[in-house]
Every structure is written in C-alpha cells, then in structure tokens.
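# A closer look at the structure
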Amino acid sequence: APSAHPTTNSRTMAMSALRMASSLGLRAVAPARARVATQSSRSMVVRAAVSTPAPVVVKREDVITSDPFNNVTDHIFEKIGTNLHKRPDHPLGIIKSVIESYFDEKYGKDTFTSYDDLYPVVSTYANFDSVLVPPDHVSRSQNDTYYVDNDTVLRCHTSAHQLEMLKEGARKFLVTGDVYRRDSIDATHFPVFHQMEGFRVFEPAEWEAAGKESVDLAAEELKDCLEGLARHLFGDVEMRWVDAYFPFTEPSFELEIFFKGEWLEVLGCGVTEMKILEEAGLGDKRAWAFGLGLERLAMVLFDIPDIRLFWSDDKRFSKQFKEGMFKAGGVGMQKFKPYSKYPPCLKDVSFWLPKEGDSFTENNLCEVVRDVAGSLVEEVKLIDEFTNPKKGLTSNCYRIVYRSMERSLTDEEINALQEKVREDMVSKLGVELR
C-alpha cells in the first residue's frame, strides 16, 4: 500500500501499520471550524459529509489557523481540492476507474458504492481512534501529521471515514481520496497522495450457509477478491501473501506480486477487528478491508519516474493519458515517454543541531524546503553527520536537489530560494548554520 518513510528502521516499522490505513482510508469530519466537541456532533458532521454529493470546498481559514498545534502550510493548502483522482484522463483517475470496474464485474454493477469526494479535514478521533491506532503511535505526532488544531487533522488515510460510513448503513463500499502526510522529499514521496480502500460486511447467514467460521470466510473471500484485482491490474503474475500487522485488522496480510523482475508490495488488507464493528453497532457481523496507493500503482504500470509529475499541468505529460487506455500489466499499452529532462541544481547546507528541543527533524526540514521551493525541489538527503565532542554538538549536512519538471532553472532563482531556506532553517528549526 502507500508510502514508506526512508528514515530510521524503528520509525519505518512503526509507520508500516499505517500504510494500509493510508489506503484504507479514514476520515470524514467537519470543517475545522466546527470543533468536534462530542461524539454526536462528530457523527452529524460526518453524515453530512458522506451523504452530500456537492463538491468539497475547503477555505484557507479552515486549515491554516493561529492555533499553536497548526502546522499546515500554504504549499499543502494549495493542493486541497485538486482531486487528481477524479480526472478521467489522469493516470490516477484511470487506475481508480479500472479498480471500480473490476468490482462491478466481480460483484455486479454498483454493488460496491464508490465515494470519492469526502471532506479531507477530519477529527483526530476519526483519523486515529476509530481505527484503533494506539495513543502513543508515531503517526500521531506533529512530525508526521498535518494538524489544524489539537483535535483536527488533514486525513492521513481514507479509513478515517470508515466508522461513520458503517454507522450510516454502508456495507460494501470503495473510498478514494487525497491523503496528507509530512514526509521525506524524493522521487517516490509527496506530502499529498491518493488512496483507495474497500470494505465489505458479512451477515451471519453468509457464513452459516457456507458452513465456515466467520473469520475464515471473510479471509478466503478477501484473498480471492484481491488476487483477482491483482490479475486485473498486472495480468497473469506470480503472487504471494505475507502475514502483517495492522491495528484495525486481525488477521492481516500484504499481497506481493512478482513484476518486472522483482517482488512488489501491492496492498495491505485483513479481517476487520471486531471492536470497530461493535462500535458501529455491527457486533454480530464480520468484515474485511483493504487499502492501496494509487500513485504507487500508476508509477509502476505507466513507468512514471517521479511522483511530482502527477501534479504537472504540462501538456507533454497530460496528453499521454486517456480514459480507457489501460491494459492489464501494461502489455500493449502506451507508457509514459519522458520529455526533456532539465538539469538539476545541487545545494548543500551544513548546520549544528539545536542542543535542546525537538524543533529539528528531517520532516520539519522538508516542510521548510517545500514551503519555499514547492515542487521545484526534487530531493532532500542527509549526506554527512558528525559530533564534535568538545562542543557537544552534532553537525548535519543536507543536499537539496532543485529541478523543474518543465523548464531550466537559473542560478539566480535557485540562489534566492536557497538563501530563504537557510533563513527559515534558523528561524523555524533553531539550527546554527556553519
């Protein structure tokens, strides 16, 4: 499923439980202005969000506030409402449509209801607690999540909508949406990406008729469904199931396929924890859920080398994709043809880390760089680190790679961007430049 975080191993392992959630979709809360005071008020807001077909509109003041917890930047706000997944001729829209078509073919048209316009600002309860994310999980930190205030976030995964949709009566559904994570900067990571989750509820009569235990029936159908989806997307490929851990499913699995000479993780899934169903008033039922990242699939299937390209308005990119062009495994399908690759501009910055506090993290540095340079930054990478025992200080050196996807950058504009980055590192992160 969605993204991995290329930092420490422990942090990567801690985040793995949310990768399916990133695809498992969550959220559905009220505009940040409605401060989610009670469970009932939260439910009313979510019901409106789930039921209303009108386009989602998010105002700047809904997500960028003076609240001390707020860490949403203009660079992130500008992406809200872009809805790349709703563009039929966009790679993400194409993959979304292919997956929806598979569910129509397998289960009957519209058996699975599709939602793709749910409000992206949700409560921390919806984003974390409703899917059993532990209170001390790393994903709850401001280093990883975009907070509007202490009780409200930009959804980290589409599963934030899951509990309220179940309370609304949804039993078989797909949810697609943009999700938000503070993350590293490289060719495969972007702070806004898109996930799709599927959810299916079983009635007692179904496992009784099958003569099976409820969890066995759910797991068997889930695997059959997703193996069929993998073939629908990738053709006749070798597959394997890997046992996994997610806080919201048990048992939990990851599906891997052997494609283009290597094993690729395609999605995460599992049998839904009973606590979630009980909270929804469905304690006598069973369910399965899965989640996947659209960018990950599109990059592999269309040979798209840089995740920033999905956000490009350059016609040299957009004209290469058309609704209905997809073919399983990409066999006989037109792939992305790179146009002129413009030269990179590399800038290194060395600094002493603050002696106290947690103002400096790699994610915080990436936010500073993104807020200054936007999509002109291709990568931020630690290239050197050492500790001076006499000073008791640690030095880092990061390399920032600037490169436009559409034009050559001038030394003058890059120097101006780099100088602003340096200034903001001092004022916002508390580092001492070397």
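Residues numbered from 1 in each chain as written. Predicted model: local features only at pLDDT ≥ 70, side-chain atom pairs only at ≥ 80, totals over all residues. Heavy atoms only, no water.

### Observations concerning the pairing of strand S11 (residues 345–352)
A regular strand places its side chains so that they alternate between the two faces of the sheet. Where S11 meets strand S13 (residues 393–402), eight bridges bridge the pair, whose relative direction is antiparallel. Of the residues in S13, the one forming a bridge with Phe351 is Asn396. Pairing analysis gives two bridges linking S11 to strand S14 (residues 432–433), with the strands arranged antiparallel. The residue bridging Phe351 from the neighbouring strand is Leu433, located in S14. (Pairing = 2+ DSSP bridges. Helix = DSSP H or I, 4+ residues; strand = E, 2+ residues; numbered from the N terminus.)

### Observations concerning the nonpolar core
Core analysis: the biggest nonpolar cluster contains 70 residues, and Val63, Ile99, Phe302 and Phe310 have the highest contact counts within it. For this core, the element with the highest residue contribution is helix H9 (residues 214–234), accounting for ten residues. Listed in part, the 28 residues of the second largest apolar core include Tyr115, Leu118, Val131 and Phe248. (Core = buried A, V, L, I, M, F, W, Y, C linked by side-chain atoms within 4.5 Å. Buried < 20%, exposed > 50% of the residue type's maximum accessible area, 1.4 Å probe, protein only.)

### Here's the deal with helix H13 (residues 362–373)
For H13, built from twelve residues, the straight-helix expectation of 16 Å at 1.5 Å per residue is met to within 8% by its first-to-last C-alpha distance of 16 Å. Summarising burial for H13: eleven of the twelve residues are buried, a large majority. Those residues of H13 not exposed but buried are Glu362, Asn363, Asn364, Leu365, Cys366, Glu367, Val368, Val369, Arg370, Val372 and Ala373. Trailing H13 by a residue or two, Gly374 shows a phi angle of about 60°, which is positive. (Expected span 1.5 Å × (residues − 1).)

### Focus: the sheet that holds S14
Taken together, the four strands give an open sheet; going across it, the order is S12-S13-S11-S14, and neighbouring strands pair in antiparallel fashion. Strands at the two margins of the open sheet, each flanked by one partner only, are strand S12 (377–388) and S14. Across the sheet, H13 touches S12 and S13, and the angle it forms with S12 is around 140°. Sheet strands touched by helix H14 (residues 411–429): S11, S13 and S14. Its angle to S11, the strand with the most contacts, is close to 20°. (Contact = heavy atoms within 4.5 Å. Axes fitted to C-alpha atoms, helices over the stretch in contact; angles between N-to-C directions.)

### Examining the packing of helix H5 (residues 91–107) against H9
Closest axis-to-axis distance for the H5/H9 pair is 10 Å, and the angle between their directions is 130°. One way to sum up the angle between H5 and H9 is to call them oblique. As H5 runs across H9, the sense of the crossing is right-handed. Together, Val98, Ile99, Tyr102, Phe103, Glu105, Lys106 and Tyr107 of H5 and Glu221, Asp224, Cys225, Gly228, Leu229, His232 and Leu233 of H9 make up the contact between the two elements. (Parallel < 35°, antiparallel > 145°, perpendicular 65-115°, else oblique. Left-handed = near helix turned anticlockwise from the far one by under 90°.)

### What to know about the pattern of salt bridges
Proximity of charged atoms lets side chains of opposite charge pair with each other. Scanning the entire structure with this criterion turns up 25 salt bridges. Salt-bridge contacts for Asp284 lead to Lys285; the nearest nitrogen and oxygen are separated by 3.6 Å. Residue Arg403 pairs with Glu378 through a salt bridge whose shortest N-O separation is 2.7 Å. With Arg403 in the loop between S13 and H14 and Glu378 in strand S12, this pair connects stretches of sequence that are 25 residues apart. We classify Arg403 as buried; its relative accessible area is 11%. Salt bridges linked by common partners bring Asp306, Arg308, Glu378 and Arg403 together as one network. (Salt bridge = Lys/Arg side-chain N within 4 Å of Asp/Glu carboxyl O.)

### So, the environment of Asp151
Within the secondary structure, Asp151 sits in the loop between strand S3 (147–149) and strand S4 (152–154). On the accessibility criterion, Asp151 (37% relative accessible area) is partly exposed. Separated by 28 residues in sequence, Asp151 and Ser123 have C-alpha atoms that sit 5.7 Å apart. Contacts of Asp151, omitting those with residues within four sequence positions, involve Val122, Ser123 and Thr124.

### Some remarks on unusual backbone geometry
Look at the link from Glu250 to Pro251: it is a cis peptide, with omega at 0°. Here Pro251 shows up in strand S8 (residues 249–259). In this structure, Asn83 takes a positive phi of about 55° despite not being glycine. Checked against the element boundaries, Asn83 lands in the loop between helix H4 (74–77) and H5.

### Here's the deal with the sheet that holds strand S2 (residues 121–123)
Here we have three strands laid out as an open sheet, ordered S2-S4-S3, and antiparallel in their pairing. The open sheet is flanked by S2 and S3, the only strands paired with a single partner. Along the sheet, successive strands turn relative to each other by an average axial angle of 30°, direction set aside. Bridge analysis of S3 against S4 gives two bridges, and the strand direction is antiparallel. Looking at S4, one finds that Asp149 is bridged to Thr152.

These figures come from the coordinates and say nothing about function on their own.
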